[in-house]
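Residue-level structure breakdown
Chain by chain, the residues:
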Amino acid sequence: SGQLVAGGVLETKDAGLHPKYNAAALQGSWRAGSFQVGGNYTWSRLRGNVETDTAASGAVALESPVHFYHEYNGYPGFAEDGWLNADERHRGNLWAAWRFPNRFVDFEASVLQTYHSGRRYSAIGPIDVRPFVTNPGYKNPPIIQNYRFSERGEFQLDAITATSLGINLAKRVARVEAFLETDVINVFNEQGIESPSINTTVRTNRTDRNLATFNPFTQTPVECPQGVSTASAQCKGITHYQLHPLFGTATRKETYQLPRTFRFSVGVRF
């Protein structure tokens, strides 16, 4: 089925699209008196040939490699299988808590250890495929196509670990309970890159005229090494792309995992 939208047709077909997600999850806990430990772990793998969602918008409409200008995107690598951006192989949490009630104040301390694998990303840059395609009659053929200069999901963000501590104090008087809750998140102030808000710029002939054009249907692009001037004899006119000098690095402070953070709350419950 399908419907007309501005500039095209939105269909519910899935021809040529095949993301595949597999996962297994474990969890458990054990208590001995006032002491308790527990944890959970998920193993997963996400492969496919299309990115089905993004962190900002969730599920997204996809450009089908079968129906969307297939004459222009039929080059090797446009819709090849690989690791999708949301692939996160391992995620686990392990925690322990000790509660010590007494006649003065209820005291509880806890520790939480978290871990998850880094997400994936690729090296993608803009190219113009029109010189290498005979237009079958499209009024407005695509001008720019994104070309993947790496394997899908070849690059990976940092694996993230963090240790957090919590201390809770509570005192009940009649039907009212006063409490103080304190937490220290990421005690060791680890600073891994967690968010995909990183530099993923790939220079091509569209942005740097020192780089040569290439036929994506018949040629394998040649890389100009990072840090080498594209105007040098090593690169000018004979290489096709170059990763930005800051490729894979953070673009803003939110790219990093939450730094060591202290928080507390005080209140009453009744």
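Throughout what follows, the structure given in this document is the object of discussion. (Residues numbered from 1 in each chain as written. Predicted model: local features only at pLDDT ≥ 70, side-chain atom pairs only at ≥ 80, totals over all residues. Heavy atoms only, no water.)

**Some details on the overall build of the chain**
- Secondary structure assignment for the chain yields zero helices and 18 strands.
- Each of the 270 residues in the chain was classed as buried or not, and the buried ones make up 31%.
- Relative to all contacts within the chain whose residues are 6 or more apart in sequence, the contacts with residues 24 or more apart total 70%.
- Just so you have it, the chain exposes about 16,600 Å², and 56% of that area is on carbon and sulfur atoms. (Helix = DSSP H or I, 4+ residues; strand = E, 2+ residues; numbered from the N terminus. Buried < 20%, exposed > 50% of the residue type's maximum accessible area, 1.4 Å probe, protein only. Contact = heavy atoms within 4.5 Å. Areas by Shrake-Rupley, 256 points an atom, 1.4 Å probe, with all protein chains shown as cover.)

**So, the pattern of salt bridges**
- Enumeration over the complete set of coordinates arrives at 13 salt bridges.
- For Arg152, the salt bridge goes to Glu80, with nearest N and O atoms at 3.9 Å. Taken together, the residues Arg152 in the loop between strand S12 (145-148) and strand S13 (155-156) and Glu80 in the loop between strand S6 (58-59) and strand S7 (82-83) connect sequence positions 72 residues apart.
- Look at Glu80 and you get partly exposed, because its relative accessible area is 22%. (Salt bridge = Lys/Arg side-chain N within 4 Å of Asp/Glu carboxyl O.)

**As for the nonpolar core**
- Core analysis: the largest hydrophobic core is formed by 18 residues, its most contacted members being Phe149 and Val202.
- Leaving out residues up to four positions away in the same chain, Phe149 has contacts with Ala123, Ile124, Gly125, Ile127, Val202, Thr204, Phe214, Pro221 and Tyr241. (Core = buried A, V, L, I, M, F, W, Y, C linked by side-chain atoms within 4.5 Å.)

**A closer look at the state of the cysteines**
- Tallied over the entire structure, the rule returns one disulfide.
- Cys224 shares a disulfide with Cys235; S-S distance 2.1 Å. Looking along the S-S bond of the Cys224-Cys235 disulfide, the torsion reads about 85°, which is the right-handed sense. With Cys224 in the loop between strand S16 (202-203) and strand S17 (242-243) and Cys235 in the loop between S16 and S17, this residue pair connects regions lying eleven residues apart in the sequence. (Disulfide = S-S within 2.5 Å.)

**Quick word on the side chain of Arg120**
- Looking at where Arg120 falls in the secondary structure, it is placed in strand S10 (residues 120-121).
- Only 3.3 Å separates the side chain of Arg120 from the side chain of Asp87, close enough to count as a polar contact.
- Polar contacts involving the side chain of Arg120 include one to the main-chain carbonyl oxygen of Gly153, which spans 3.4 Å.
- Setting aside its immediate chain neighbours within four residues, Arg120 contacts Trp83, Leu84, Asn85, Asp87, Arg89, Gly153, Phe155 and Gln156. (Polar contact = N/O pair within 3.5 Å; in protein donor to acceptor, adjacent residues only side chain to side chain.)

**A word on a nonpolar patch on the surface**
- Together, Ile167, Leu169, Leu180, Phe264 and Val266 make up an exposed nonpolar region whose accessible area comes to about 460 Å².
- Listing elements by their share of the nonpolar patch, those giving two or more residues are strand S14 (160-173) and strand S18 (261-269).
- Structurally, the position occupied by Phe264 is in strand S18.
- We classify Phe264 as exposed; its relative accessible area is 64%. (Patch = residues over 30% accessible without salt bridge, like charges linked within 9 Å, V, L, I, M, F, W, Y side chains within 5 Å.)

**Looking at the side chain of Glu177**
- Here Glu177 is to be found in strand S15 (residues 176-185).
- By relative accessible area, which is 12% here, Glu177 ends up buried.
- Residues contacting Glu177, with those up to four places away along its chain left out, are Ala170, Lys171, Arg172, Gly267, Val268 and Arg269.

**Re the environment of Thr42**
- Secondary-structure assignment places Thr42 in strand S4 (residues 35-48).
- Given the relative accessible area of 28%, Thr42 is considered partly exposed.
- In this structure, the C-alpha to C-alpha distance between Thr42 and Gly92, residues 50 residues apart in sequence, is 6.3 Å.
- When near neighbours in sequence (up to four residues on either side) are disregarded, Thr42 contacts Ala24, Ala25, Arg89, His90 and Arg91.

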